[in-house]
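These are the residues of each chain, in order.
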Amino acid sequence: MPDDTVLCGRPGSADAVTVAVYRGWELEADHGWSKKPDFIGRRLFERYIEPVRALDLHPDTKEKKNGFYIMAVSCLLIETLESFWEGWETTEPHRDNRGNRVPGRSRDAFDRFFRRQARFGVFDGSDFYKRVRCGILHQGETTSGWKILRSGPLFDGNKTVNAVRFHNQLRSAIGDYVRELQTSAPGSQVRINFDQKMSAVIRNCGQL
């Protein structure tokens with residue numbers, strides 16, 4: 001893919017961030033850290049938050065809003081967000097540079113996220129990963145009696161999740177991450193992890 005691959009923003013818009021633009025930031029005195037936190041916030045909102053929010057903007061789409069769709073998007077966001085926090089290039093099983101097998105980290109991503117984010121602490125130790133995340137993404141349904149609603153508490157402590165509340169809380173989790181990047185010192189682990197993950201993102205665009 002060419003350097004004009006868009007990482008954030010609408011193609012051709014003045015505020016679009018392309019691979020070339022992002023690489024230019026890396027050459028700046030602060031290696032782009034005056035821009036990177038805002039960039040990742042925009043990228044995550046564009047991909048995971050705004051499409052769900054847009055469903056409420058028209059009566060036809062608002063009536064068709066679906067909790068399973070919202071939860072599927074939310075699960076993708078959790079895995080993505082935790083990968084940035086941890087600096088993981090992928091959560092899939094793979095081999096490292098030495099040829100050693102690295103096991104998959106999807107379950108670990110959810111376990112760490114629920115421990116990291118106090119607002120999601122009610123899910124820590126639950127079967128959410130297996131029954132909701134894996135159920136929806138692999139089978140198109142939850143399993144073992146878990147239910148997805150669009151009303152009620154975030155989690156009833158048993159097997160019922162409010163997808164709307166869940167997704168809204170993820171908006172706050174993105175804000176937490178952006179603020180952490182903004183306030184962390186140069187060379188901090190959270191910034192190192194971000195750069196490591198973004199390097200993988202750019203490689204996945206077909207860039208060396």
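Parameters at a glance
- Residues numbered from 1 in each chain as written.
- Predicted model: local features only at pLDDT ≥ 70, side-chain atom pairs only at ≥ 80, totals over all residues.
- Heavy atoms only, no water.
- Helix = DSSP H or I, 4+ residues; strand = E, 2+ residues; numbered from the N terminus.
- Rg over C-alpha atoms; globule rule 2.2 N^0.38 Å.
- Buried < 20%, exposed > 50% of the residue type's maximum accessible area, 1.4 Å probe, protein only.
- Areas by Shrake-Rupley, 256 points an atom, 1.4 Å probe, with all protein chains shown as cover.
- Lys, Arg positive; Asp, Glu negative; His and termini not counted.
- Charge placed at Lys NZ, Arg CZ, Asp CG, Glu CD.
- Expected span 1.5 Å × (residues − 1).
- Contact = heavy atoms within 4.5 Å.
- Disulfide = S-S within 2.5 Å.
- Core = buried A, V, L, I, M, F, W, Y, C linked by side-chain atoms within 4.5 Å.
- Phe/Tyr/Trp six-rings, centres within 6.5 Å; stacked < 30°, edge-to-face > 60°.
- Axes fitted to C-alpha atoms, helices over the stretch in contact; angles between N-to-C directions.
- Left-handed = near helix turned anticlockwise from the far one by under 90°.
- Nonpolar A, V, L, I, M, F, W, Y, C, P; charged D, E, K, R; others polar.

1. Focus on the overall build of the protein chain
Across its full length, the protein chain carries 8 helices and 6 strands. Beginning at the N terminus, the succession of helices and strands in the protein chain can be written as β-β-α-α-α-α-β-β-α-α-β-β-α-α. On C-alpha atoms alone, the protein chain measures out to a radius of gyration of 18 Å, which is about the 17 Å that the 2.2 N^0.38 rule sets for 208 residues. Referenced to the eigenvectors of the C-alpha coordinate spread, the extents of the protein chain come out at roughly 50 × 45 × 35 Å. Split into buried and exposed, the 208 residues of the protein chain put 45% on the buried side. Carbon and sulfur atoms make up 48% of the accessible area of the protein chain, which totals about 11,200 Å². Charged side chains of the protein chain number 32 positive and 27 negative; the gap between the two group centres comes to 4 Å.

2. Some points on helix H8 (residues 189–204)
Its 16 residues place the ends of H8 23 Å apart at the C-alpha level, agreeing with the 22 Å of an ideal helix rising 1.5 Å per residue. Buried residues along H8 sit in contact with strand E1 (6–8), helix H1 (19–26), helix H2 (36–54), helix H4 (67–86) and helix H7 (163–183). The first or second residue beyond H8 is Gly-206, which carries a positive phi of 95°.

3. A look at the state of the cysteines
Here the structure, examined in full by the defined rule, presents 0 disulfides. As a non-bridged cysteine, Cys-134 has Cys-75 as the owner of its nearest cysteine sulfur, 8.7 Å distant. Lacking any disulfide linkage, Cys-205 is separated from the closest cysteine sulfur, that of Cys-8, by 12 Å.

4. Overview of the nonpolar core
Of all hydrophobic cores here, the largest spans 53 residues; its most connected members are Phe-39, Met-71, Phe-128, Phe-166 and Phe-194. Broken down by secondary-structure element, the contributors of at least two residues to this core are E1, H1, H2, H4, helix H5 (106–116), helix H6 (128–139), H7 and H8. Top contributing element to this core by residue count: H4, with 10 residues. Contact partners of Phe-39, with chain neighbours within four places excluded, come to Leu-7, Cys-8, Val-17, Tyr-22, Trp-25, Phe-194 and Met-198.

5. Some thoughts on the packing of aromatic side chains
Across all of its chains, the model carries 23 aromatic pairs by this definition. With 5.4 Å between their ring centres and 50° between their planes, Tyr-22 and Phe-39 make a pair best called tilted. Residue Tyr-22 is located in helix H1, and its partner Phe-39 is located in helix H2; the two are separated by 17 residues in the primary sequence. Taken together, Phe-110, Phe-113, Phe-114, Phe-120, Phe-123, Phe-128, Tyr-129, Trp-146, Phe-155 and Phe-166 form an aromatic cluster joined through their ring pairs.

6. Comments concerning the packing of H1 against H8
Between two packed helices, the angle of one axis relative to the other and the distance separating the axes together describe the packing. Closest axis-to-axis distance for the H1/H8 pair is 12 Å, and the angle between their directions is 150°. With respect to the hand of their crossing, H1 and H8 are arranged in left-handed fashion. Between H1 and H8, the contacting residues are Val-19, Tyr-22, Arg-23 and Glu-26 on the first element and Phe-194, Asp-195, Met-198 and Ile-202 on the second. Here the contact of H1 with H8 is built from residues that sort into 5 nonpolar, no polar and 3 charged.

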